[in-house]
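The primary structure of each chain is shown beneath.
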Amino acid sequence: MSAHVLKNPAVLAGTLAVLAALFALFATLLDQGQLLTPVLGKAAQTANYLHEFTHDGRHLLGAPCH
Ligand SMILES: [Zn+2]
């Protein structure tokens, strides 16, 4: 992908939307404390706040959880 393509506002908006959706899917379905580790350190691994917050949704969607 060249810089010329990203100057198109529609392509840029679409690319950002896809990246935001992938980030949301990772945070909701796959995160095991990695996203909060830079902020909370080891507490993010043991408390696992995002996992607990999205736990019921993971089971509802059949995502790997335990
Ligand atoms: Zn679970």
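Residues numbered from 1 in each chain as written. Predicted model: local features only at pLDDT ≥ 70, side-chain atom pairs only at ≥ 80, totals over all residues. Heavy atoms only, no water.

## As for the overall build of the protein chain
- Tallying secondary structure elements over the protein chain gives six helices and zero strands in all.
- Each helix (α) and strand (β) of the protein chain, taken in turn from the N terminus, gives the series α-α-α-α-α-α.
- In terms of overall dimensions, the protein chain is more spread out than a globule: its C-alpha atoms have a radius of gyration of 16 Å, far above the 11 Å expected for 66 residues.
- For the protein chain, the spread of C-alpha atoms along the principal axes amounts to about 45 × 30 × 15 Å.
- The contacts of the protein chain with a sequence gap of at least 6 include a subset with a gap of at least 24, amounting to 28%.
- Carbon and sulfur atoms make up 72% of the accessible area of the protein chain, which amounts to about 4,900 Å² in all. (Helix = DSSP H or I, 4+ residues; strand = E, 2+ residues; numbered from the N terminus. Rg over C-alpha atoms; globule rule 2.2 N^0.38 Å. Contact = heavy atoms within 4.5 Å. Areas by Shrake-Rupley, 256 points an atom, 1.4 Å probe, with all protein chains shown as cover.)

## Some thoughts on the side chain of Thr54
- Looking at the element boundaries, Thr54 is found in the loop between α5 (49-53) and α6 (55-61).
- Classification of Thr54 by relative accessible area gives buried; the value is 11%.
- Setting aside residues up to four positions removed in sequence, Thr54 forms contacts with Ala27 and Thr28. (Buried < 20%, exposed > 50% of the residue type's maximum accessible area, 1.4 Å probe, protein only.)

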